[in-house]
Amino acid sequence: MKGMNEKFRFSIDRGGTFTDIYAEIPVEPYYRVLKLLSVDPSNYEDAPREGIRRILNEVLKTDIKRDQPIPSANIEWIRMGTTVATNALLERKGERMALVVTEGFRDVLQIGNQTRPKIFDLTMKRAEMLYEKVVEVKERVRIFSNHMKSSQGLFPSIDEMKSQPQRYVQGSTGEYLEIITPLDSTSLRNQLLEVFNSGIKSLAVVCIHSYAFSQHEQQIAQIAKEIGFTQISLSSDVINSIRLVPRGLTTCIDAYLTPLIQTYISNFLSGFDSDFHKNSKLHFMNSSGGLTPISSFSGSNSILSGPAGGVVGYAMTSVEELSQVPEIFSEHKKLQVIGFDMGGTSTDVSRYAIDSGFDFVYESEISGFLNCAKQLDINTVAAGGGSRLFFKKGILYCGPESSGAQPGPLCYKKNGHLSVTDANLFLGRIVPKFFPKIFGPKENEALDADLSKNAFIELNKTVNQWTGAGNKNNQNNNQGLSTGGVLKDEDLALGFIKVANENMSRAIRNVTESRGHDVRQHVLSCFGGAGGQHACGVGKVLGMKWVFIHKFAGILSAYGLGMADIIVEENVQCVELLSDSAEEGEEQVNEDVKRRWKELGAVVRKKMDEYGIKEDEIELEYYLDLRWQGTDTVLRIRGEENHGKWREKFTEQYKREYGFLLSKRSIRVEQVRVKGIGKAKSGASEGIKVEANRAIVSLEQGKTVAEDKAKEKTSVYFSVTDANTGVETAQWLETPLYLLQDLSYKDIIPGPAIIIDHTCTILVEPLCKAYITQNGSVLIEINMPNAQRESSKEILSPSKNEASGQEVEVKVDMIELALFSNRFMSVAEQMGKVLQRSAVSTNIKERLDFSCAVFDSHGGLVANAPHLPVHLGAMQEAVKWQIDYYSKDDKWNEGEVLISNHPEAGGSHLPDITVISPVWKDGKAVFYVASRGHHADVGGITPGSMPPFSHTLEEEGICIKSLKLVKNGLFQEEEIRNVLSGKTSHKIQGSRNIEDNVSDLKAQIAANQKGILLLSDLIGTHSLHTVLSYMKFVQLNAAMSVSQMFHSLLQSRDKDSIKTNPETGAITLCSSSDSLDDGTEIHLTITLLPQSSSISSTSSSSTSTTTNTINANIPVYKCIFSFEGTFPQSYNNLNTPPSVTKSAIIYSIRSIIREDIPLNQGIMTNIQIILPPHTILNPDNGRGIVGGNVLTSQRITDIILHGMGIAANSQGCMNNFTFGDETFGYYETIAGGSGAGRGWNGESGVQSHMTNTRITDVEIMEVNYPVLMRRFVLRRGSGGEGRWKGGEGVEREFEFLKGLKVSLLTERRSLRPRGLEGGGDG
């Protein structure tokens, strides 16, 4: 690259801890690399500027002082990625700001989508709003959407609207709007003056439907400017797309952070001479991976400014180097890469493919806030070098807590915490002498390996005591699951490394397998300070073949900035449909879309010109956001301005991602987009082109490096798998250590080995090989053993004694227990992602009203992803019922999938349809997987199938006890359509939307199939014997956690308040009761019966006997939930199936434990539920139950938590709201206030306890349904007073624009939610 440029180019990544600089310089070696502390006020004011000063002085032999302006004559450009905005948001250090919003919606952003972040967190705490004050502006428009044109009488004709321009306007989408309430500028000015005088100078302005009609927002901005506000963020400018809440929250982020960014830029530039803007250019990386000039860099597009450079860096360097390796890239093998950026606090993973480019998201959450600006799809998991290590209730945990940079891991010598870095250091994977000496109180000492080692020794004493291995006799009078022996200190540390690798692997699966990509076909591109130590381990977990580590991996975010393009994107909302082209048989867009492309293209070119990009350096790309009519799933499709084959591309991508296509539906254009690309000019980016024509060289042409190249040898602890037998052992191995600078092109380094670079340590594990590339980077080949991986530890001993033929007891390994706990949960989570991705209905795809779970061969719950609590116990009962049913009268064959929704068969209410699939192994069902989704309509007497006045089950919809939905692998579409239509039962009104029902059932089958594949893979990797054993171990671990919870509750009580039966020893934990609004009483007594000192379970099968014993130093209790005294069943629909009561109990217990324990059948191991027959909690078959699932379930939860003194009552219902006619049905649940507890206030406007579904955005509702929402606010003063206040409810006011059938199924209208410990009622 000699002579490529005569000026300096600086690519700078300013992180929270370090600032990395990659500088292109005009002399050999044509680059400099520099790393500085981001904050070092005793030495310099600004780290990026200081780095520039040092490099200029070094190269030019000048002496620019720190207090002198830096001359810009020799600087061509500066490119920067920064976490300044991100850190300000995390630390809440942005600009003081206020929100201006349409009157009647002051709390709409606080309510958000009404969900709580963690379903088992009783505090239900959500992020505090960024704004200090709210101004409700008098203005309102109503949109006449094309979707409702067929509804006669809803709005005037086009001619009538054109004749009244003061009342009707055509919006930017092409749709007409009615100005119901003109902007009241006088009232607004007075309110804004009051805000301004309070010291607030920044505003976020959010008006309903401003994506189509922005005039009111623009008028507000003009008034605010006249008053003196310095930052005014308009939602129509920040993110011009439909959905009020996401657009509003993003606008708040913009108003909160943009002033801070502008201040930072101003301060940075103040250190240069006055000619900077004439001589040089300053660009910042935005969240979407493109560079933007300072005039366009704002709060909303800056959140991922720091990590985005790394994503561009690994993508471009992978193309540069790996495209020349035939083993990885060829005509038949497309290059696909996973970015793996492991830092101190967290790990970022992302995906890049050479044929499709980067993956993007348009909705993400940071620090509790939704940001809908376009950004690279970066999945963050709380597992980094600083992730803290814990042993809780028999399971190893890695994170999510972090030790941070201060105090850091223990080895930092700052009184820190045991962390992943300590584990790597203890196992020899980090060598202190080759690590910077920046630790200790004065930050001048090396890492302290002894501190790490001693901490693991102490923790392992606790582990071995818990498992009973520390007892010489290992008898059943000690604590823990019965295990196979003493755990070595090194094995404990290695176990934590494996847990961390498993956590990071789950994040990688989220960006690959959950979206239809095979993770094994990807290269793992590793960068960041800690990634090199874990790359091989993570690759092995995922079955990946290759790991790539660039020579600048330690500063790849900075290096990537030099390879990035300048990006300008413009878009506009649209409501057109794709149309056919008769001329060429291709899918064509209409003239209106072409006009919009032309207009947007002109805007893009103008901005590029202003940024100094020449016409011949600009590339334009044309996009359409497309979706099936009547659905909310949008796909962004790239094509040509003419003849783009849009339908073909859309359906191809849709089928690839979701597995099926929708018939008889039009394709709607949601957004028209133009993307302008100003191609990068840098040594880094041009290097790709320079090297692109070099010869393709096979890795086989390399040579094994001579041992004398090793700097030294060190001892490292590895888990080693025999290549022939697959037997795994752990041992210390003598390991050569190489310096990367001493290695040459074509060198091959067999594992085990350590390769040290200036900024990272690379671990090459046994059986792996490292290759040095032409550019000096490292490519690692992961070689897996030929035999099936099988541990040699006692836990995986053969199922039978070879001599006697007797089945052998299986012992538990605490490390594998933690890993399998993660693995089972990951299966359920991946099922949920497939279901959400594949579903059509708003209920499942958008409101997330579904659950997915894994069950054992008897139907016992193994893992339930944290979806909806009301499904927890109910799904298990549904699976058990089907197993029992087919064991008697029929046969459940391979290739068959069942569905059911009947309460007698474990159903919750009829809209919740459960799809169940067995996992077969050698002709036997060894597991079951199931998905339950709420279908918007299954018939019945009202649209939405949630009738408030039903008396019988048949009035509530189609009832299915058991139906084979798939036979011999074939979907029984005709049969299910007949059932859903009511043809098989003339008494029942059929579904009003069978197309969505069928599509969602197919999505549920797809989710189940994903679970089957993952479980089959787990069995293939670890053996059926092992998987079944750990299934039981995980369940028993949950049982022990419940026992400890009850013991802790007793310990916290005043002994005088505990009532104990002197004869039986039974302890009455609580007696509680409450009434429904109709006076029906529910009574509960919770009694604890002390048991023997262990919880035991034996599981027999044809292959093994697994005997497990939980032995604790704490008492073990049998807990009885007795509902004796509860009133008889009701003639209304508040009757509750027993499975729903079980769900409420599981949810309550899991919430009280307050730790992330596995959610499975083990929770109920020592729980007995007494439900007297013919009562409201155990009704006769045929009774109405729709309200029991959504109302009575909430009352049961309130009774449990209030009776045990945990929390005051929450709103006590789900407020099920439906409307529709014979052509459609709409359904939603409406949030309220949650109950307070000792130490926390209740949360306002949130879904509580048994549900956590989202609510439909006001703009989406008004576009799709004949309704106008008038108000959506918190109900002030409704929460209940006390030391800790209850959360407030909501007011949601509608105006219907045509005659519809409307119903509200609700409770707590006559009896108030009760306070706790003297607190006020709600």
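Structure: above.
What comes next concerns the included structure. For clarity, every value in this text was computed on a predicted model and none was experimentally measured. (Residues numbered from 1 in each chain as written. Predicted model: local features only at pLDDT ≥ 70, side-chain atom pairs only at ≥ 80, totals over all residues. Heavy atoms only, no water.)

1. Details of the nonpolar core
In summary, soluble globular proteins display a tendency toward joint burial of nonpolar side chains.
Turning to step 1, where the next piece is worked out: Counting 242 residues, the largest nonpolar core has Phe10, Ile52, Ile78, Leu624, Ile780, Phe824 and Phe927 as its most contacted members.
Turning to step 2, where the next piece is worked out: It is helix 8 (residues 244–269) that provides the largest number of residues to this core, a total of 13 residues.
Turning to step 3, where the next piece is worked out: Here Ile52 is in contact with Phe10, Ile12, Ile21, Ile70, Ile75, Ile78, Phe268 and Phe272, once residues within four sequence places are set aside.
Turning to step 4, where the next piece is worked out: Leu1049, Ile1149, Leu1191 and Ala1207 belong to the second largest nonpolar core, which has 59 residues in total. (Core = buried A, V, L, I, M, F, W, Y, C linked by side-chain atoms within 4.5 Å. Buried < 20%, exposed > 50% of the residue type's maximum accessible area, 1.4 Å probe, protein only. Helix = DSSP H or I, 4+ residues; strand = E, 2+ residues; numbered from the N terminus. Contact = heavy atoms within 4.5 Å.)

2. Quick notes on the pattern of salt bridges
Turning to step 1, where the next piece is worked out: Inspection of every chain in the model, using the stated rule, returns 63 salt bridges.
Turning to step 2, where the next piece is worked out: A salt bridge links Lys433 to Glu712, with the nearest nitrogen and oxygen atoms 3.0 Å apart. Taken as a pair, Lys433 in the loop between helix 11 (420–426) and helix 12 (449–467) and Glu712 in strand 34 (residues 712–721) lie far apart in primary sequence, 279 residues in all.
Turning to step 3, where the next piece is worked out: Judged by its relative accessible area of 53%, Lys433 falls in the exposed class.
Turning to step 4, where the next piece is worked out: On the accessibility criterion, Glu712 (24% relative accessible area) is partly exposed.
Turning to step 5, where the next piece is worked out: For Arg1271, the salt bridge identified is with Glu1293, shortest N-O distance 3.8 Å. Of this pair, Arg1271 sits in strand 58 (residues 1267–1274) while Glu1293 sits in strand 59 (residues 1290–1296), placing them 22 residues apart in sequence. (Salt bridge = Lys/Arg side-chain N within 4 Å of Asp/Glu carboxyl O.)

3. What about the pairing of strand 45 (residues 912–921)?
Turning to step 1, where the next piece is worked out: A large share of strand 45 lies buried, amounting to eight of its 10 residues.
Turning to step 2, where the next piece is worked out: Relative to strand 45, strand 44 (residues 897–900) runs antiparallel, the two sharing three bridges. Bridge pairing in strand 45 links Leu898 to Ile916.
Turning to step 3, where the next piece is worked out: With 10 bridges joining them, strand 45 and strand 46 (residues 924–934) adopt antiparallel strand pairing. Looking across to strand 46, one finds that Pro918 is bridged to Tyr928.
Turning to step 4, where the next piece is worked out: The antiparallel pairing of strand 45 with strand 46 creates a hairpin that spans two residues between the two strands, and Asp922 there sits at a positive phi of about 55°. (Pairing = 2+ DSSP bridges.)

4. Quick look at the packing of helix 13 (residues 489–511) against helix 14 (residues 535–542)
Turning to step 1, where the next piece is worked out: At a minimum axis separation of 9 Å, helix 13 and helix 14 run at an interaxial angle of 60°. Between helix 13 and helix 14, the crossing angle belongs to the class labelled oblique. Between helix 13 and helix 14 lies a crossing whose hand is right-handed. Contact with helix 13, carried on its side by Asn501, Glu502, Met504, Ser505, Ile508 and Arg509, involves Gly537, Val538, Val541 and Leu542 of helix 14 and no other residues of that element. (Axes fitted to C-alpha atoms, helices over the stretch in contact; angles between N-to-C directions. Parallel < 35°, antiparallel > 145°, perpendicular 65-115°, else oblique. Left-handed = near helix turned anticlockwise from the far one by under 90°.)

5. Quick look at the packing of aromatic side chains
Turning to step 1, where the next piece is worked out: In total, this model carries 37 aromatic pairs according to the counting rule given.
Turning to step 2, where the next piece is worked out: When the ring of Phe552 is compared with that of Tyr559, the centres are 5.1 Å apart and the planes differ by 45°; the resulting orientation is tilted. As far as the burial class goes, Phe552 and Tyr559 line up, both buried.
Turning to step 3, where the next piece is worked out: For the ring pair Phe1219 and Phe1296, a centre distance of 5.2 Å and an interplane angle of 65° mean the geometry is edge-to-face. Taken together, the residues Phe1219 in strand 56 (residues 1216–1220) and Phe1296 in strand 59 connect sequence positions 77 residues apart.
Turning to step 4, where the next piece is worked out: Exposure remark for Phe1219: the relative accessible area of 0% places this residue in the buried category.
Turning to step 5, where the next piece is worked out: Among the aromatic side chains, those forming a connected cluster through ring pairs are Phe1217, Phe1219, Tyr1226, Tyr1265, Phe1294 and Phe1296.
Turning to step 6, where the next piece is worked out: We note Arg79 situated over the ring of Trp77; from NZ or CZ to the ring centre the distance is 4.0 Å. (Phe/Tyr/Trp six-rings, centres within 6.5 Å; stacked < 30°, edge-to-face > 60°. Lys NZ or Arg CZ within 6 Å of the ring centre and 35° of its normal.)

6. As for a nonpolar patch on the surface
Turning to step 1, where the next piece is worked out: Nonpolar side chains collect at one region of the surface, where Phe18, Leu37 and Ile438 lie side by side and expose about 220 Å² of accessible area between them.
Turning to step 2, where the next piece is worked out: Mapped onto the elements, Leu37 comes out in strand 3 (residues 31–37).
Turning to step 3, where the next piece is worked out: On the accessibility criterion, Leu37 (34% relative accessible area) is partly exposed. (Patch = residues over 30% accessible without salt bridge, like charges linked within 9 Å, V, L, I, M, F, W, Y side chains within 5 Å. Areas by Shrake-Rupley, 256 points an atom, 1.4 Å probe, with all protein chains shown as cover.)

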